[in-house]
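Notes for the structure review
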Amino acid sequence: MFALMQSTRLESLHLSVDPVSGLKAVIAIHNSRLGPALGGCRYLAYPNDESAVADAIRLAQGMSYKAALAGLAQGGGVAVIVRPAHVENRGALFEAFGRCIDQLDGRYITAIDSGTSVADMDCIAQQTQHVTSTTSAGDPAPHAAMGVFTGIRATAMARLGSDNLEGLRVAIQGLGNVGYALAEQLHAAGAELLVSDIDHGKVQLAMEQLNAHPIANDALLSTPCDILAPCGLGGVLNSHTVTQLRCSAVAGSANNQLTHLDVADQLERRGILYAPDYVINAGGLIYVSLKHRGEELTTITAHLSKISSRLTEVFAHAQAEKRSPARVADELAEKVLYR
């Protein structure tokens, strides 16, 4: 555990249990140089406790880099709640987690993430003020999708020479809150959608509402398209799956898309442009951060538009230096965090 913390330069790791509610939680704070750590709360089943800790640490590091390149006065942190096989009172579990957060005295602010909902954030808010994505704050998913949409346009311009998405084939892996909202925006822009999700109902809805073409989950990565948009859980890009890709670029909302940084080099060698995940998917963090600080929607929307220019900057450096955009983005973020 300490070796993993040191290798990722993690500041602190907090483990909490509450036998009454069944809570088992991990809070990882990666870097607080720019401000209090802010990041989502995941509620997922894990094969073992070590996997939960490792997931929290990796995600917290990504949140630090995301905040740094998004120009936010926030540090990076993430919470992971290990989902038990049976929960008698979900509300009580999240209230218990709220008490854990409150004990950190504002060093970590939590938000919605995979497996959690606005209702869960409302339960947390009964015990602490260090929470956003509540009913009053609003769901960040549409704003996260808006940021990815602007990032896809910047990626299309860099790789295909035009940011006009009409007729572009975009393959979306995962139709969760962000993935589906992104699909709606791409459809409105005239893109042709190829979609997959483990929930067939979501795929059916996309077919009916967005004229999307359904693709089997195990076939999407190898399906010819212009842009692949991973919008589910992380780890989709590894040394094996990259060899299957038949796209010009990868640009999606999922966190931790690369299993290892060497995979980014593999994409580069194949001529596939990679939009670093924590740059293109910063819209959700931007929304919850600025909303928590009381900023108006016009200010938030203006900040979201900067995702496009930041990606364009990363792509330009990568092209000039003949390196992967992922490595360029890491260096830019580390200059902000550790200068």
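Residues numbered from 1 in each chain as written. Predicted model: local features only at pLDDT ≥ 70, side-chain atom pairs only at ≥ 80, totals over all residues. Heavy atoms only, no water.

With that out of the way, let us pick up the pattern of salt bridges. Scanning the entire structure with this criterion turns up twelve salt bridges. Of the charged contacts, one joins Arg327 and Asp262 as a salt bridge, the two residues approaching to 3.3 Å between their closest N and O atoms. Here the residue Arg327 occupies a position in helix α13 (residues 325-338), and Asp262 occupies one in helix α8 (residues 261-269), the gap between them amounting to 65 residues. Each member of the salt-bridge network shares a partner with another, and the members are Arg42, Asp55 and Asp113. (Salt bridge = Lys/Arg side-chain N within 4 Å of Asp/Glu carboxyl O. Helix = DSSP H or I, 4+ residues; strand = E, 2+ residues; numbered from the N terminus.)

Residue placement: Asp55 occurs in helix α2 (residues 49-70). For Asp55, the residues in contact, after removing those within four places along its chain, are Arg42, Tyr46 and Val80. (Contact = heavy atoms within 4.5 Å.)

The nonpolar side chains of a soluble globular protein tend to be buried with one another. Formed by 46 residues in total, the largest nonpolar core has its most connected members in Ile152, Ile172, Leu175, Leu182, Leu186, Leu193 and Val195. Ignoring sequence-local partners within four residues, the contact set of Leu182 consists of Ala145, Val148, Phe149, Ile152, Ala229 and Cys231. Core analysis: the next-biggest nonpolar cluster, separate from the first, contains 31 residues, Ala67, Ile300, Leu304 and Ile307 among them. (Core = buried A, V, L, I, M, F, W, Y, C linked by side-chain atoms within 4.5 Å. Buried < 20%, exposed > 50% of the residue type's maximum accessible area, 1.4 Å probe, protein only.)

Turning to helix α7 (residues 200-210), its buried residues number three or more, namely Val203, Ala206 and Leu210. All buried residues of α7 project into a common sector of 70° when viewed along the axis, lining one side. Exposed side of α7, more than 90 degrees from the buried face: His200 and Glu208 are the residues found there. Buried residues belonging to α7 abut α6 (177-188), β7 (192-196) and β8 (213-214). The N-capping residue of α7, defined by a side-chain oxygen 2.9 Å from the backbone nitrogen of Gly201, is Asp199. (Arc of directions from axis to C-beta. Polar contact = N/O pair within 3.5 Å; in protein donor to acceptor, adjacent residues only side chain to side chain.)

Turning our attention to the UniProt feature "binding site: NAD(+)" (unreviewed entry) in the protein. As recorded in UniProt, the sites labelled "binding site: NAD(+)" (unreviewed entry) are Gly174, Leu175, Gly176, Asn177, Val178 and Gly179. For Asn177, a relative accessible area of 55% translates into the label exposed. With residues up to four places along the chain from it excluded, the contact list for Asn177 reads Asp139 and Ala141. Summarising the element assignment, Val178 is placed in helix α6. (UniProt positions renumbered as here; feature names shortened; annotations may be inferred.)

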